Structure formats: structure tokens, C-alpha cells
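# Architecture and fold: a report
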Amino acid sequence: MSHLAVALDPFGWHPAAWRRSTFDPTAGLRADHWVRLARQAQSGLLDFVTFEDAPGLQSSRYEAVDTRTDQVRGRLDAVLVAARLAPLTQGLGLVPTASTTFAEPFHVSTAIATLDFVSDGRAGWRPQVHGRAEDARLFGLRSLPPWSPSALTPETQAVIRSLFAEAQDVVEVVRWLWDSWEDDAVIRDPGTGRFLDRDRLHHVDFTGEYFSVKGPSITPRPPQGQPPVIALAHARVPYEFAARSADVVLVTPADTEDAARIVAEVRAAEADVGRSLPPLLVFADLLTFLDTDSGTAEARRAELDELDGQPLSSDAAIRATTATQLAEELEAWERTGIAGFRLRPGEVAVDLSRITDQLVPLLQSRGTFRRSYTGSTLREQLGLTRPANRYVVLGGAARTPSPRPGQTPEDPS
Amino acid sequence: MTATATRQQPRKQVHLAAHFPGVNNHTVWSDPQAGSQIAFSSFAHLARTAERGRFDFFFLAEGLRVREHHGRLHELDVAGRPNTTAVLAALASVTDRIGLAGTLSTTFNEPYELARQIASLDHLSGGRAAWNAVTSPDAFTGANFRRGGYLDPSLRYSRAREFALTVRELWDSWAADDLVGDRGTGRFLRRGEAGSFAHAGDQFDIAGRFAVPPSPQRHPVVLQAGDSEGGREFAAAAADVAFTRHSGFEDGQAYYVDVKRRLARYGRAPEDLKILPGATFALGDTEAEAQELAAHVRRQQVSPATAILLLELVWNRDLSGYDPDGPLPQVDPDLSGEPTVLRGRVGPTDPAATARKWRALAEERQLSIRDLVIEVTGRQSFIGTPAHVAAEIDRYVQNDAADGFILVPHLIPGGLDPFVDQVIPLLQERGVFRAEYTSDTLRGHLGLGPARPATAWAAASAHPPRDRTDAPAATATDSP
């Protein structure tokens, strides 16, 4: 049975999508618009939707903010958008992006835990490294060297490794904070006058190279225990980050052969880092334009390219095709070990409903997609069990998070 | 009841907010009606009840470290709370008109991120967002954050004021007409520099382009909850609402006149800052019933274990060997060091004087430790029949002891229901409280005019803030 997710964008993943859409140009700032999109996704019984975010403004170039005036600029905090949708959706997982570079790990842990409470267990988190030098200036706390993914020097590669090492620490401490309250920590015992049992709360006492966090969290353990961590990765360093830290990895194969190669590389990364969690669910990202014939889909894409003044480029494979052809390709990719897909609709106004109303029924008729939501939590949709609390598993013996390889343990007592 | 109010002038309107009960002993968890402290349904119930009562806003406190008692996690009070902005965003989906105010520290956040979140909340709520700016200088809380450590108390209001100003600059970084969105011409932005900002000050040196286009209120409402000299000046210089502890009539009037007179210094009119003390209530069909309920709730709030704890807070010693139903300890408070008994909660300003006063009262009235603590800590602000409480609130407001109140029920989730059912209709009958919302935004509910630009705030605030370190701090913990 396959898994299907959508990467929501208010207009779509083609930068000119806003120009063909009938949505209000401020739609990305409007709760009612997001509610409509989420409910559309929910109607297709999707596992989850993701919400893009970054500290700074969108840009057509990775390395810096541009001054283009013809593309959508400005967006809302992704965690808050997801929280806004939670009371108005059911079944659908809500997976916002939060930065591992600039956000406070403590705030991220309580934000995702709270999303899990307000959604009754449908929260996930997409941790993302943000390495743009200009983003660092927004905070003024650290400086990052300017760099471009197309021209990596040994120095910038060292910076990238360091950002991912920090990301690993952030996810690690967030996971310990989620477990820092045992499920039954609130006892409400009138006899002793105690609301809490302090033995069921834990200081996380995390000390790493980049920050330290004392704990425990101010927020009790979320309904899922550990909301799924979902990481996008394109290369070995982020594959290893996902292998150490994530439950789901989003990858970007070019074709079936590439999908097989990437799955193998992810499995190799898991072995190299000695992954202790269940094996990663590998999801493939695809940017899609769907029409009743592929010529129409291609023409639609070409029209958007024309409006944008350049051909669409993406880290993910682009498919302008029919739902039938896409379904066949997804099945071929699944045979290589891909567990699910995150589709990026080229034009939300058109392609989101093509996914939910055409692709999903096709997959259902082939018996490879659910006909109703079977679980109530995101972990259940993904086939993940609710994990035992790490502190309960460890008992009283070890109260300190395991250090990253090469890191000196602090007070292992 | 309103003899001192001038009859000819239109009556001042009362402003009300509902405070989600905090993590302290005022929140009663032992009552059979006490619900979950963390389930979303508890937050939704209180926010909807307040909206049914046409309250101005729902209010959430924040504390960023679980409290500790003698170096161990504090067990007696309710604990566990959500992330402030995330739960407010969810509440925007189950309410339509009520304002949504959250406490966020100026110490353990950065202006860019906070401005982005509050502006996002303002968009997602259609103009109902508010930020309660508090300072938290302690290293105890800092141990949970990248920033870590300790902020010199003398800097905390310098940082807070520059923080608030920087946030307003970010909110102003887009011109109102920067987002064009013209499909025909393909022009989304009017100019390629939309959102550009640069702030270079003592505390913050940041620049770039802000990610969030102007929100419905443009400047969401800013609250301030500090009571020191520095806090009062911060309120006058930077805030739209002051959340105070002065819920008594005379001290309320004294605070009110003191802070309102400071406004002129910053080019502001008295009505530009609303003063809302935190207040509690106990209602009954008769005066006697209300008093009986008040006493019952006070005993629930001060359990035997809590009585010892609150005494330790003043004595700054381990008193766990004393009988809560027995007399006060013979030993005097330990004034030798930093308060260490209960961390994460504000202690008394002058423990020696407080202890002398408590001892005198206990001797005079032959009170046990628990009875004394019940008597001297946190009595309800308004006790009586609904008619009496409505009249009292009106009297306070008409006589400038307050512009309204931030009400803190003692029970989750239903603690505000009796007030909304019984007192609100009487305030409406008196013509001092709205029967229906007349605005879509929180600024509108509060009668605040259009947002004043950051440049005007900066110009009016050009003289340096006066910090003092001898007064009690506003912290990120629960207020009154």
C-alpha cells in the first residue's frame, strides 16, 4: 500500500502559477485559502501535507534574495499555518518546516508538540538547514559565508557539514524534550497535594557543540509520543542526517534507475551511521502537471514557462503527463523500494484536485491506496507504532541523551 | 455605587480579557470540575466562553522552564503548557472575533522571528493578534536556550524597549501598497526591495528583508506586564496595554495616574494605553454564599503542602518539618543569599518586612501556618453577588482605577462561565460593556486608533530608558 503526500504551496510550484490562478494574490496570507487547500488534500485521503518555510524571503536564486518583482514574495510561519488548520481537518497529517539553523530547539519542540495536541496526533516536523548568508543577518547572532550550491569549495563544504551536524543535535534534543515528560507524569494526587510526579519528568541535560538545553520541556509528551520527523535530502551528508534523525526521507530521483540508486544510498547511509530507529520510509518528490492528455499538460507548463521568462527548473523530477501515466511510473518506482511520494503540484488551482480526484481514484482502483483513513494519527497512517518513552526504556540507569559520535559525553552518571 | 463618576460625560467602556489559568497555586486542580491543563478542548472552551461574553481578548501567559523547589521539580502546582503562538493559531480557527494575546519573552526570542510569528498570527486570525512583551533575565530559564545564561537586570528593559521598537520596524518594512499582485502585467511586488529593513542599535544589529507582508492590524497590539520603574516607563514608551497587579481600588488609581501621566513624554494621549489589572472573582447568589465560595476556593488553592511552600518562599529556608496546621516557625527568614527555594516564580520584594507583617498577624489572630497563608496571599479581587461585582467593576473603571480587567478563573476549563452568564449581562445593562462586537480587530475592540509608525515610536522614545534593579521584575511567568 503506497503513501501519498502533497507539498502545499498557496499557488503552486511553478513560479508563474500565481499568474494563471484565479486565487486572490494575497491568498498565501489568508487562512481561508489554506483551509480550502488542506480540505482538498484531505478529500484525497493523503497521508500528510507539508508547508514550506524559511526565515527569509523567497528567491529565485539559492544563495541570495533577488529583487524580482514578478514572483510571489512573502509568506507566513509554517507551524502557525499548520496549527490554524488543525482544528478544521481530520485524518490529514500536518508537517510544517522549522529551521534547525535559526530557531531555538526548545521552541521548536514545544511548537511541534503543541501542533500534535491541537491536531490530536497529526503533527510532523520537517527540520531544514538554512545556510544563506543573508538569513544570518536577519538574526544578527552568527555569520555564515556566502556560498552557492553550484560552486562548493572545501570551506563551504565544511560549513555545510557543520550545519547538518547542528541539525542533528537540534533533532536529537527535540526528541529528548518530547520524551522529557512520561505519559503518566500528571498524577493529580490529592493525598499528597501533588499534581506531578517529579520522577516522571526528566532534565534532558543536553550539551553539544552548538548549544545546550537543560529541560524538561514545558509541554507534556505529545499524543504521538514522537511526531514523525521528515527530512528532504539530495546528497550523502543530508542522507546521513536523515538516517540518524528522521522517520521519513524525501528524495529526488530523476527516473526509475535513479530511484533504485538513491534507495541503495539511503540504506548504505543507514548502515554507516548505525541507525537505531526503524528503517527510513523513503518518499520520492515529483513536481506534477496533470491533464487528460500529456500534450495539454506540456502546453500548460510551457505557457507558465513563457510567463516566467525561463524554463521551470527543480531539484525534483518534473512530470507533465496524465494521471494514468503517473500512476504507472509511481508503481515502477515503488518496485525499487520507494515507499511513498510527495507530489508538488505545478499549479495548485489545477493540479491539487487532479491528484485527489484523478490520481488517487486510479491508485485505489489498482488496490494500492487507502479508501478511507484507517488510523487517527500521522504515525498510524505511516505504519509507525507509538514509540515507548526513551526514559522509560532506559530506566533510571541513563538519564542523558546519547552524544553524537566524536562528542564528549556530559555527566553520564 | 457610582457617586464619584461624572453623570454628564459618556460612561467609560469596560475592557475585559480572559487569562488561561496559569501554572501556580491559584489554579485549582484538585476540584472534581478541573479539566485538562493541556488538551486543546480546554483552551477552546475558555476562548469561546470569553467570546460569548464579548471579551476583548483571550490571554496566555508563558513560562519557559518547569519550576523547581529546592533544586527538584516542583510538584504541587499545575504544570505543562503549550507553545504560545501555536495554540493561539489553533484558537483562531474556533473563534471569530475575540483577540488572541500571547506572552513571549524579549530575552529568549529574537525580534525577527517574533515579529514574523506575531504578524503571521495576525494574518491567520484576521487582525486579532497581540503580543505581551516580558523580560526574563534569569540564567535558570536561559539554560533552555541557545542564548543561555544571564541577562544583566539593568539591561532587561533596554533590551525590551529596543526589541519592541525593532519589531515595529519590521512590521513597517513593507509599504501598504508593496504587494500589487497584478496578473495581467505580472507584477507581484511594486518594488524589488519590498520588506527591506536595517536596525543597528545597542542590542540588535540586523538587516535584510522581512518575510511577512503587512498584517490586518499592521501593528498587532503590544502588551506589557512589568511593574517596576523600568516596566512602567516601558509601558508608556512602547505598549498599547499594561497588564498590572494593582487590582485594588486605591493602588489601582495610584498606578493608573502614574503611568498615564508618563504618556505625554512619548507624545501619546491617555487613551492610547489601556490599563488592565489582573483580577479574580467569586460569585454567589448572596453575599454570604460568595464569601463561602471564596473561602472554599482559597483552601483549595492553599493545600497543606502549598502553605509550607509559600511560607518557604518568604523565609527562604526548608520548612518541610513544620506542621501546616501549627504555628509559624520561630526561626527568622534567611536573608543571606539569593532566593533559591522556588525557581521560576517571582518572590517577595522585601522578605524581612513581609515576614514581620505575617508574624504579627498570625499572633494577633492566632492563625496556623495554612490559615495565615490563606489570609495573606492572593485573595479574590471581586467577591459578591453578580450585581455587586458588576457595580464594583464599573466603579473601578469610571473612577480611573483601571480601564478594565484581565480575569483569571481558578478552574479550567469552566471557570469563566459563571462570570459570562451572570456578570456580563449586568455590565451590558449598565451600558458600560458591548452587547455585540463592533469591530473585527483587537485594536478596534480596545478603541486603539490606527497603528502609529515605528518611526514615530522611535522619535518619541529618543531619550534613554531608566532602568532600576531594585524593583520586582516582570518575568515570563504568570502575572498577578
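Conventions adopted
Residues numbered from 1 in each chain as written. Chains lettered and ligands numbered in written order. Predicted model: local features only at pLDDT ≥ 70, side-chain atom pairs only at ≥ 80, totals over all residues. Helix = DSSP H or I, 4+ residues; strand = E, 2+ residues; numbered from the N terminus. Rg over C-alpha atoms; globule rule 2.2 N^0.38 Å. Buried ≥ 20, exposed ≤ 12 C-beta atoms within 10 Å, placed from the backbone. Contact = placed C-beta atoms within 7 Å. Nonpolar A, V, L, I, M, F, W, Y, C, P; charged D, E, K, R; others polar. Axes fitted to C-alpha atoms, helices over the stretch in contact; angles between N-to-C directions. Parallel < 35°, antiparallel > 145°, perpendicular 65-115°, else oblique. Left-handed = near helix turned anticlockwise from the far one by under 90°. Pairing = 2+ DSSP bridges. pLDDT = per-residue confidence, 0-100. Expected span 1.5 Å × (residues − 1). Arc of directions from axis to C-beta.

This paragraph deals with the overall build of chain B. Across its full length, chain B holds 15 helices and 17 strands. Over its C-alpha atoms chain B spans a radius of gyration of 23 Å, differing by no more than 12% from the 23 Å that the globule rule assigns to 480 residues. Principal-axis analysis of the C-alpha atoms places the extent of chain B at approximately 80 × 50 × 40 Å. Among the 480 residues that make up chain B, the fraction classed as buried is 57%.

On to the interface of chain B and chain A. Taken together, the 65 residues of chain B in the interface contact 64 residues of chain A. Counting residues per element, the ones that place at least two in the side of chain B that touches chain A are strand S4 (72-73), helix H2 (84-91), helix H3 (111-124), strand S7 (179-182), strand S8 (187-189), strand S10 (205-209) and helix H9 (304-315) of chain B. The dominant element in the side of chain B that touches chain A, judged by the number of residues it contributes, is H3(B), at 7 residues. A per-class count over the side of chain B that touches chain A returns 34 nonpolar, 18 polar and 13 charged.

So, on to helix H11 (residues 369-376) of chain B. Residues and elements named next belong to chain B. Looking only at H11, the buried set comprises Ile-369, Arg-370, Leu-372, Val-373 and Ile-374. Elements in contact with the buried residues of H11: helix H8 (287-301), H9 and helix H10 (351-365). Downstream of H11 by one or two residues, Gly-378 has phi in the positive range, about 50°.

Residue and element names in this part refer to chain B. Remark: helix H6 (residues 229-238) packs on helix H7 (residues 249-262), axes separated minimally by 8 Å, with the N-to-C direction vectors making an angle of 50°. One element, H6, and the other, H7, form an angle in the oblique class. Crossing handedness for the pair H6 and H7: right-handed. Contact residues: H6 offers Arg-232, Glu-233, Ala-235 and Ala-236, while H7 offers Asp-258, Val-259 and Arg-262. In terms of residue class, the contact of H6 with H7 is built from 3 nonpolar, no polar and 4 charged.

Residues and elements named next belong to chain A. Burial analysis of strand S1 (residues 3-8) places 6 of its 6 residues in the buried class, which makes it a mostly covered element. By the alternation rule, side chains of S1 split into His-3, Ala-5 and Ala-7 and Leu-4, Val-6 and Leu-8, which are all buried. In this sheet, strand S13 (residues 340-345) lies alongside S1 in parallel orientation, the contact comprising 4 bridges. Bridge assignment links Ala-5 to a residue of S13, and that residue is Arg-342. Examined bridge by bridge, S1 and strand S2 (residues 48-51) share 4 bridges and lie parallel to one another. Considered in S2, the bridge of Val-6 is made with Val-49.

All names here are of chain B. Spatially, the 8 strands close up into a barrel ordered S1-S2-S5-S6-S11-S12-S13-S17, and their pairing is parallel. Across this sheet, the average inter-strand angle for adjacent strands is 30°, counted without regard to direction. Where strand S11 (residues 221-224) and strand S12 (residues 241-244) come together, 2 bridges link them in parallel fashion. Bridging across to S12, Leu-223 finds its partner in Val-241.

Note: predicted coordinates in regions of low pLDDT should not be interpreted at a detailed level. Residue and element names in this part refer to chain B. Across chain B, pLDDT averages 91, with 92% of residues at or above 70. Confidence drops under pLDDT 50 across residues 464-480; counting only partners more than four residues distant or on other chains, this segment forms 63 contacts. Here the complex is predicted with pTM 0.95, and the ipTM for its interfaces comes to 0.96.

So, on to unusual backbone geometry. Of note, the amide linkage connecting A:Gly215 to A:Pro216 takes the cis form, showing an omega dihedral of -10°. Tracing the sequence through the fold places A:Pro216 in the loop between strand S8 (212-213) and strand S9 (230-232). At the junction of B:Ile412 and B:Pro413, the peptide bond is cis and its omega measures out at -5° in the coordinates. Tracing the sequence through the fold places B:Pro413 in the loop between strand S17 (404-407) and helix H13 (417-429). We note that A:Arg188 has phi near 45°; this positive angle belongs to a residue other than glycine. On the secondary structure map, A:Arg188 appears in strand S5 (residues 186-189). Despite not being glycine, B:Arg54 shows a phi value in the positive range, around 60°. Taking the number of C-beta atoms within 10 Å as the measure of exposure, B:Arg54 has 20 and is therefore buried.

Residue and element names in this part refer to chain A. Tracing the backbone shows Phe-164 in helix H6 (residues 154-178). The class for Phe-164 is buried, based on 22 C-beta atoms found within 10 Å. A sequence separation of 59 residues divides Phe-164 from Pro-223, and the C-alpha atoms of the two residues are 28 Å apart. Contact partners of Phe-164, with chain neighbours within four places excluded, come to Val-129, Val-237, Pro-238 and Phe-241.

Quick look at helix H2 (residues 31-43) of chain A now. An ideal rise of 1.5 Å per residue puts 18 Å on 13 residues; H2(A) measures up with 18 Å between its terminal C-alpha atoms. Within the sequence span of H2(A), burial applies to A:Ala31, A:Trp34, A:Leu37, A:Ala38 and A:Ala41. The arc that holds the buried residues of H2(A), viewed along the axis, is 125°, so those residues lie on one side. Looking at the buried side of H2(A), the elements it contacts are S1, S2, helix H3 (78-85) and helix H11 (348-365) of chain A together with H3 of chain B. In the segment just after H2(A), A:Leu45 is the residue with positive phi, at about 60°.

Our focus in this paragraph is the environment of B:Pro213. With respect to the helices and strands, the residue B:Pro213 is situated in the loop between S10 and S11. Overall, B:Pro213 belongs to the buried group, with 23 C-beta atoms counted inside 10 Å. Counting along the chain gives 42 residues from B:Pro213 to B:Trp171, while the straight-line C-alpha distance between them is 8.1 Å. Contacts of B:Pro213, omitting those with residues within four sequence positions, involve A:Leu29, A:Gly74, B:Trp174, B:Asp178 and B:Leu179.

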